[in-house]
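# Reading the structure
For reference, the chains in residue letters:
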Amino acid sequence: MTRPQRLVLVVGTATEVGKTWVAADLLGVARRRGMVVAARKPAQSFDRADDPSGYDSVLLARATGEHPDSVCPAHRSYPAAMAPPMAADVLGLPRIELSELLEEITWPSGIDLGLVETAGGVASPLTHDAASADLVGPLAPDLVVLVADAGLGTINAVRLSAHPLGSSPLVVVLNRFDAASELHRRNQQWLETDGFDTVTRVDEILDRLTDDDATP
Ligand SMILES: [Mg+2]
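Here is a short report on the structure shown in this document. It should be emphasised that the depicted structure is a prediction, and the values quoted were computed from it without experimental measurement.

## Looking at the packing of helix H7 (residues 154-162) against helix H8 (residues 182-194)
Contact geometry of H7 with H8 gives a least axis separation of 10 Å together with a crossing angle of 30 degrees. Between H7 and H8, the angle is such that the two are roughly parallel. Seen along the crossing, H7 lies across H8 with a hand that is right-handed. Contact residues: Thr 154, Ile 155 and Val 158 in H7; Asn 187, Trp 190 and Leu 191 in H8. Split by residue class, the contact of H7 with H8 holds four nonpolar, two polar and no charged.

Laid out in structure tokens, this is it:
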């Protein structure tokens, strides 16, 4: 099966922490550096009243130049603002199995950077039989990007979120980081002392992917 040269999995410490924004930003920077990019959102859910221009698949598609249905298959868009398997239940749709979502994640050939965005936080239900973090094993990403807040509570959230992610290469993005905030600076320092690789800008994520010798 075709696999992007580099595969990134974007997870979050919580929902609404900025996964899609970080993902779209990262894809945009990569594209401007000449990389061919693609994004996948295996399942998404939203409020029926939401503006479609704000759907994750639409924002990611805008960043990669793909069609939103290529990013998230139409039958995996659930118009109910709850975790995808719950939304499927509420809407009377079939159970979602992890194996099905994995089969649906396919890539065109020639992709330099492929990005998969999960749903909710790392332990949030993505399917009836799996949480978002359960994508790490089968996808074997080159890098897991954990999007976290920069402010109060982030050390707790990052430490707890790192556990189910296993030993894959991990970078923590402190989203909305403000260098003028002593709290933000101290949070970053504390996490670094903890052993986390932390960044505050998306171009630093790209450096993690292009620094090593994986280019043939
Ligand atoms: Mg999102």
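## Quick look at the pairing of strand S6 (residues 143-149)
Counting buried positions along S6 yields six of seven residues, so the element is predominantly enclosed. Bridge count between strand S1 (residues 6-12) and S6: five bridges; the pairing is parallel. Paired with Val 11 across the strands is Leu 146, a residue of S6. Note: S6 against strand S7 (residues 170-175), six bridges, orientation parallel. When the sheet's bridge partners are listed, Val 147 is paired in S7 with Val 173. Tracing the backbone out of S6, into H7 and back to the parallel element S7 gives a crossover that is right-handed.

## Here's the deal with the nonpolar core
Counting 58 residues, the largest nonpolar core has Val 10 and Leu 146 as its most contacted members. Here this core takes six residues from helix H1 (residues 19-32), the largest share from any one element. If we ignore the near neighbours within four places in the chain, the residues touching Leu 146 are Val 11, Thr 13, Val 158, Ser 161, Ala 162, Leu 170, Val 172 and Val 173.

## As for the environment of Leu 26
Along the chain, Leu 26 turns up in helix H1. For Leu 26, a count of 25 C-beta atoms within 10 Å puts it in the buried group. Separated by 55 residues in the primary sequence, Leu 26 and Ala 81 have C-alpha atoms spaced 26 Å apart. Other than its neighbours up to four places away in sequence, Leu 26 contacts Leu 115, Val 202, Ile 205 and Leu 206.

## Re the pairing of S7
The buried fraction of S7 is high, at five of six residues. Direction of pairing for S7 relative to strand S8 (residues 198-199): parallel, over a ladder of two bridges. In the strand pairing of S8, Val 173 is matched with Val 199. Note on the crossover from S7 through H8 to S8: the handedness is right-handed.

Procedures and definitions
Residues numbered from 1 in each chain as written. Predicted model: local features only at pLDDT ≥ 70, side-chain atom pairs only at ≥ 80, totals over all residues. Axes fitted to C-alpha atoms, helices over the stretch in contact; angles between N-to-C directions. Helix = DSSP H or I, 4+ residues; strand = E, 2+ residues; numbered from the N terminus. Parallel < 35°, antiparallel > 145°, perpendicular 65-115°, else oblique. Left-handed = near helix turned anticlockwise from the far one by under 90°. Contact = placed C-beta atoms within 7 Å. Nonpolar A, V, L, I, M, F, W, Y, C, P; charged D, E, K, R; others polar. Buried ≥ 20, exposed ≤ 12 C-beta atoms within 10 Å, placed from the backbone. Pairing = 2+ DSSP bridges. Right-handed = clockwise from strand over helix to strand, strands pointing away. Core = buried A, V, L, I, M, F, W, Y, C linked by C-beta atoms within 7 Å.

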